[in-house]
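Inside the fold
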Amino acid sequence: MKRLWVVLIAVMIFGFVVLGWVGTRIYQEMPPIPDRVVTNDGEVVIASGDIAKGQGVWQAMGGMEVGSIWGHGSYVAPDWTADWLHRECEFMLNDWSTSQFGQPYDSAPPEQQAALRERLKQLIRSNIFDAGTSTLTIDAARAKAFEANQKYYADVFSNGRAGYAIPKAAQTDPKKLRQLGSFFFWTAWASAANRPGGEVSYTSNWPHEPLVGNVATGEAVVWTGVSMMMLLASIGGFVWYYAAQPPGDPVEPAPATDPILGWKATASQAATLKFFVVVAALFLVQILTGAITAHYGVEGDGLYGIPLSRWLPYSITRTWHLQTGLFWIATSWLAAGLFIGPLISGKEPRGQRLGVNLLFLALLIVVAGSLAGEYLSIHNQMTEANSFYWGHQGWEYLDLGRIWQAGLFIGLLLWLFLMLRVIIPALRERGEQRRLVLVFALSAGAIALFYGAGLMYGRSTHISMVEYWRWWVVHLWVEGFFEVFATTVIAFLFARLGLIRPKLAAEASLAAAAIYLAGGIIGTNHHLYFSGTPTAALAWGATFSALEVVPLLMIGYQAMKDLRISRSAVWVAKYKWPVYFFIAVAFWNLVGAGLFGFMVNPPIALYYMQGLNTTAVHAHGALFGVYGMLGIGLTLMCLRALMADQEWKEGLLKFSFWSMNIGLMLMMMLSLLPVGLLQTWASVKEGYWYARSPEFMGTGLMTTLRWLRMPGDTLFAIGAIAFVLFIFGLKFGYFVKPSREVPAAMPSDSVAASRA
């Protein structure tokens with residue numbers, strides 16, 4: 001046990017030292033933001049401060065929920081970096097060809113085209129930024145291209161584009177539209193201009209744009225090879241490790257009866273029931289907004305002819321789809337922690353129920369306030385400053401305004417306080433359980449504290465640094481520490497049921513934490529390859545993100561162990577469906593997070609795939625397949641423990657389990673994956689801009705493939721609705737078999753605080 005603690009501490013120290021060092025390098029080498037942009041003749045193209053102001057305009061409109069920047073964001077509208085750069089290149093080539101040869105570029109002979117492309121490459125890749133005056137100087141031809149692009153984008157956002165799922169009047173203020181174009185221009189400039197003294201752009205030559213020589217770098221190829229070697233070596237090491245282990249202790253027989261049979265909920269545990277009801281309600285909202293969002297991908301501005309985008313544009317439905325998903329998943333995990341607390345110590349401090357109720361109220365305020373603020377922001381009812389604080393920050397997964405974000409952080413601290421005050425008595429006791437309780441307490445502390453990384457950037461922070469801190473939350477907090485917390489929660493639940501020894505549960509939790517974080521902490525950098533970061537992020541991210549896959553490949557061992565546990569005694573069968581959802585977590589960890597995650601993680605793969613539907617395959621398989629299934633499993637496990645004396649009618653739950661899992665697989669295999677692979681082919685062959693363009697996405701084949709989401713989406717949605725009905729049915733006793741001894745209904749908050 002001591003050795004495991006040493007390994008975990010060493011992993012965390014090394015990981016955060018490297019991650020912190022990479023952060024300092026990003027800060028030192030991120031692309032500069034010119035205060036103004038002028039031509040060689042001194043004519044002002046972009047006025048002082050307009051680039052930074054344009055970022056604010058973009059964020060208030062929904063930011064990453066309306067297309068993407070540097071590949072991060074939504075999928076229907078273009079990536080504005082790649083789109084601006086390509087349109088800029090096309091304009092200049094046509095302008096030069098017309099003036100020099102009297103014909104458009106596409107009609108010119110190959111040798112003339114080659115000469116024009118070389119001229120364009122030299123112009124675009126040259127970096128004439130004066131740090132002393134914070135002024136960027138551009139050629140007159142590029143200034144003309146800027147004005148042409150500016151006119152085009154002003155039309156897109158003021159008149160709307162159904163193909164981009166952008167409604168009319170998304171932005172109509174001419175001043176703000178010019179600022180928005182200025183921001184898009186800067187992201188394109190940074191993606192193609194060579195770093196000072198180098199031959200690679202600030203974004204490591206992303207996006208792929210052959211017209212200006214934006215091609216994959218040697219570093220991307222080399223570090224991809226290194227990541228493959230690390231993956232194979234690590235898998236081999238794990239196989240040898242498992243083969244070298246002596247036979248484990250024989251599985252202890254399960255208790256003759258359920259250890260918590262006849263147990264009554266404490267007042268605070270009964271108060272957690274409303275959290276699980278909210279989980280079901282938010283899950284339903286997520287499914288409905290997800291269906292609308294997916295449909296916008298083929299119809300753009302409506303839902304089967306209904307002009308829904310007037311009231312609920314794509315940027316709103318996608319924001320709500322992501323936010324409600326994060327809310328219900330996090331709520332299920334936090335409620336599970338609150339429920340387990342009294343089980344750990346066998347005691348409940350005075351006022352614990354009041355604290356739980358206050359936390360519930362805070363949750364409702366944050367959820368309702370943030371969703372309303374995002375709606376008002378996207379409908380231009382707020383200034384950029386107010387939008388950042390009360391409305392829409394513009395950053396995917398961290399869309400909620402800063403006030404609501406801070407409120408959520410305070411809520412997490414309150415949750416941690418409630419957790420610690422109820423489990424501290426158990427830490428003072430001697431015995432096997434103490435070790436598991438300590439792991440549980442530390443993982444709970446990490447959950448509460450590491451969300452604070454999302455508060456480390458401000459309204460005007462450079463996008464490269466925002467991305468650095470944003471992925472601390474999205475990757476490190478969710479995929480790292482929540483994973484550890486969930487593993488510990490499951491281990492404790494099995495220990496509390498007498499199915500595994502607390503000592504073994506603690507050792508398994510520590511080992512899992514060390515394995516997950518060994519690759520997960522430094523692996524955060526694999527999201528930062530092309531976000532205006534130096535090669536250091538690419539090197540460390542590629543190497544250690546490969547290690548993240550290893551525990552996911554071996555996770556089937558734990559899944560089969562959980563399955564055997566679920567069959568160890570007759571009474572354990574009533575926990576069958578919570579355990580099955582835990583097994584589904586293991587499956588989707590392998591497929592969604594492992595297989596499809598590694599498909600996009602290597603630098604050379606992500607160079608062509610970033611922001612395509614291949615990313616959506618990984619996102620759906622990992623976010624819902626792993627964390628959503630885990631949230632459902634924890635919800636059911638807690639409800640099952642609360643109703644240990646009652647027998648459920650599980651037919652609807654069985655249908656829900658299989659329809660959600662099969663529907664999720666069909667969604668990916670029939671639509672998202674083939675669309676993503678065809679986009680990758682287009683990205684490699686023509687350029688990244690083409691893979692995201694309406695010209696390609698609107699072809700007959702791509703339209704058919706996108707419509708093929710319907711079977712999987714429909715089956716999944718039916719299963720999700722079945723789960724929601726089951727939870728609400730439990731509340732009113734519909735899915736509880738009648739019993740003479742126990743009333744067929746879920747316990748109410750009035751249950752006396754007692755413990756059998």
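Residues numbered from 1 in each chain as written. Predicted model: local features only at pLDDT ≥ 70, side-chain atom pairs only at ≥ 80, totals over all residues. Heavy atoms only, no water.

A count of helices and strands for the chain gives 26 helices and eight strands. Taken against the 2.2 N^0.38 rule, which gives 27 Å for 756 residues, the C-alpha radius of gyration of the chain at 27 Å falls within 12% of a compact globule. Residue pairs at least 24 apart in sequence account for 78% of intrachain contacts in the chain once pairs closer than 6 positions are excluded. Approximately 28,500 Å² of the chain is accessible, and the part contributed by carbon and sulfur atoms is 65%. (Helix = DSSP H or I, 4+ residues; strand = E, 2+ residues; numbered from the N terminus. Rg over C-alpha atoms; globule rule 2.2 N^0.38 Å. Contact = heavy atoms within 4.5 Å. Areas by Shrake-Rupley, 256 points an atom, 1.4 Å probe, with all protein chains shown as cover.)

Once that is clear, we can look at the nonpolar core. Counting residues in each nonpolar core, the largest one holds 236 residues, and the members touching the most others are Trp80, Phe157, Phe184, Phe283, Trp415 and Met660. The dominant element in this core, judged by the number of residues it contributes, is helix H15 (residues 463-496), at 24 residues. Once residues within four sequence positions are removed from consideration, Phe184 is found in contact with Trp58, Ile69, Trp80, Trp84, Tyr153 and Phe157. (Core = buried A, V, L, I, M, F, W, Y, C linked by side-chain atoms within 4.5 Å. Buried < 20%, exposed > 50% of the residue type's maximum accessible area, 1.4 Å probe, protein only.)

Position of Lys168 among the secondary structure elements: in the loop between helix H5 (140-159) and helix H6 (174-192). Along the chain, Lys168 and Asp301 lie 133 residues apart, while their C-alpha atoms are 9.4 Å from each other. Leave out the neighbours within four places in its chain, and Lys168 touches Ser158, Asn159 and Gly160.

What follows is about the confidence of the model for the chain. On average, residues of the chain score 89 in pLDDT, and 94% of them reach the 70 mark or higher. Every residue in residues 740-756 scores below 50 in pLDDT, and together they form 43 contacts with partners more than four places removed in sequence or on other chains. (pLDDT = per-residue confidence, 0-100.)

Once that is clear, we can look at the packing of aromatic side chains. The final tally for this structure, using the stated rule, is 53 aromatic pairs. Residues Phe14 and Phe544 carry aromatic rings whose centres are separated by 6.1 Å and whose planes lie at 50 degrees to one another, so their mutual orientation is tilted. Residue Phe14 is found in helix H1 (residues 2-29), and its partner Phe544 is found in helix H17 (residues 535-553); the two are separated by 530 residues along the sequence. Overall, the relative accessible area of 43% leaves Phe14 in the partly exposed class. (Phe/Tyr/Trp six-rings, centres within 6.5 Å; stacked < 30°, edge-to-face > 60°.)

Attention now moves to the environment of Met669. By secondary structure assignment, the location of Met669 is in helix H22 (residues 651-685). Considered as a pair, Met669 and Arg709 are 40 residues apart in the sequence and their alpha carbons are 9.1 Å apart. With sequence-adjacent residues up to four places away left out, Met669 is seen in contact with Phe596 and Pro674.

The next thing to look at is the pairing of strand E6 (residues 135-138). Two faces, one strand: in a regular strand the side chains alternate between the faces of the sheet. Where strand E1 (residues 36-39) meets E6, four bridges bridge the pair, whose relative direction is parallel. Each residue of the ladder has a partner; that of Val38, found in E6, is Thr137. Note: strand E5 (residues 129-130) against E6, two bridges, orientation antiparallel. When the sheet's bridge partners are listed, Phe129 is paired in E6 with Leu136. Here E5 folds back onto E6 in antiparallel fashion, the turn holding four residues, of which Ser134 has a positive phi close to 55 degrees. (Pairing = 2+ DSSP bridges.)

In this section: unusual backbone geometry. Residue Pro207 follows Trp206 across a cis peptide bond; omega there is 5 degrees. For Pro207, the location among the structural elements is in the loop between H6 and helix H7 (218-244). Phi at Ser134 is positive, roughly 55 degrees, even though this residue is not glycine. Note that Ser134 resides in the loop between E5 and E6. The backbone of Asn380 shows a phi angle near 60 degrees, a positive value even though the residue is not glycine. With respect to the helices, strands and loops of the structure, Asn380 is situated in the loop between helix H11 (352-378) and helix H12 (384-390). Of the residues examined, Asn380 reaches a relative accessible area of 35% and is grouped as partly exposed.

Moving on, we come to the packing of helix H14 (residues 433-450) against helix H16 (residues 502-523). With their axes 7 Å apart at the nearest point, H14 and H16 run at an angle of 30 degrees to one another. Overall, the two elements H14 and H16 adopt an arrangement that is roughly parallel. H16 is crossed by H14, and the crossing has left-handed handedness. Listed contacts from H16 to Gln433, Arg435, Leu436 and Val439 of H14 are Pro502, Lys503, Ala505, Ala506, Ser509 and Leu510. A class-by-class count of the residues in the contact of H14 with H16 yields six nonpolar, two polar and two charged. (Axes fitted to C-alpha atoms, helices over the stretch in contact; angles between N-to-C directions. Parallel < 35°, antiparallel > 145°, perpendicular 65-115°, else oblique. Left-handed = near helix turned anticlockwise from the far one by under 90°. Nonpolar A, V, L, I, M, F, W, Y, C, P; charged D, E, K, R; others polar.)

Right, let's get into the sheet that holds strand E2 (residues 44-46). Taking strand neighbours across the sheet as the criterion, the four strands line up as E2-E1-E6-E5 in an open arrangement whose pairing is mixed. Edge positions in the sheet fall to E2 and E5, since each of these pairs with one other strand and no more.

What follows concerns the pattern of salt bridges. Summed over all chains, the structure comprises 13 salt bridges. The salt bridge involving Glu65 is made with Arg318; its shortest N-O contact spans 2.5 Å. Here Glu65 is found in the loop between helix H2 (50-60) and strand E3 (68-69), whereas its partner Arg318 is found in helix H10 (residues 314-345), with 253 residues between them in sequence. Overall, the relative accessible area of 7% leaves Arg318 in the buried class. A salt bridge links Glu647 to Lys737; its shortest N-O distance comes to 3.1 Å. Of this pair, Glu647 sits in the loop between helix H21 (613-642) and H22 while Lys737 is found in the segment after helix H26 (709-731), placing the two residues 90 residues apart along the sequence. Taken together, the shared-partner salt bridges in this structure form one network comprising Glu65, Arg318 and Glu396. (Salt bridge = Lys/Arg side-chain N within 4 Å of Asp/Glu carboxyl O.)

A word on the packing of H2 against H6. Where H2 contacts H6, the axes come no closer than 7 Å and their chain directions differ by 105 degrees. The angle between H2 and H6 places the two elements in the roughly perpendicular class. Of H6, the residues touching H2 (which contributes Asp50, Ile51, Lys53, Gly54, Gln55, Val57 and Trp58) are Lys176, Gln179, Leu180, Ser182, Phe183, Phe184 and Trp186. Of the residues that constitute the contact of H2 with H6, the class distribution is seven nonpolar, four polar and three charged.

Next up on the list: the side chain of His462. Here His462 lies in the loop between H14 and H15. His462 sits in the buried class, given a relative accessible area of 10%. Excluding its chain neighbours within four sequence positions, the residues that come into contact with His462 are Met30, Pro31, Ile33 and Trp186.

What follows covers H21. In a regular helix each residue adds 1.5 Å, so 30 residues correspond to 44 Å; H21 covers 41 Å between its end C-alpha atoms and thus fits that length. Remark: the principal bend of H21, roughly 25 degrees, maps to Gly628. Counting buried residues along H21, 27 of its 30 residues qualify, which places the element largely inside the surrounding structure. (Expected span 1.5 Å × (residues − 1). Bend = angle between axes of the 7 residues up to and from the residue.)

Our focus in this paragraph is a nonpolar patch on the surface. A grouping of Trp658, Ile662, Leu666, Leu670 and Leu708 is seen on the molecular surface, where their side chains present a nonpolar patch of about 400 Å² in accessible area. Note that Leu708 resides in the loop between helix H25 (700-707) and H26. Among the residues examined, Leu708 registers a relative accessible area of 33% and is labelled partly exposed. (Patch = residues over 30% accessible without salt bridge, like charges linked within 9 Å, V, L, I, M, F, W, Y side chains within 5 Å.)

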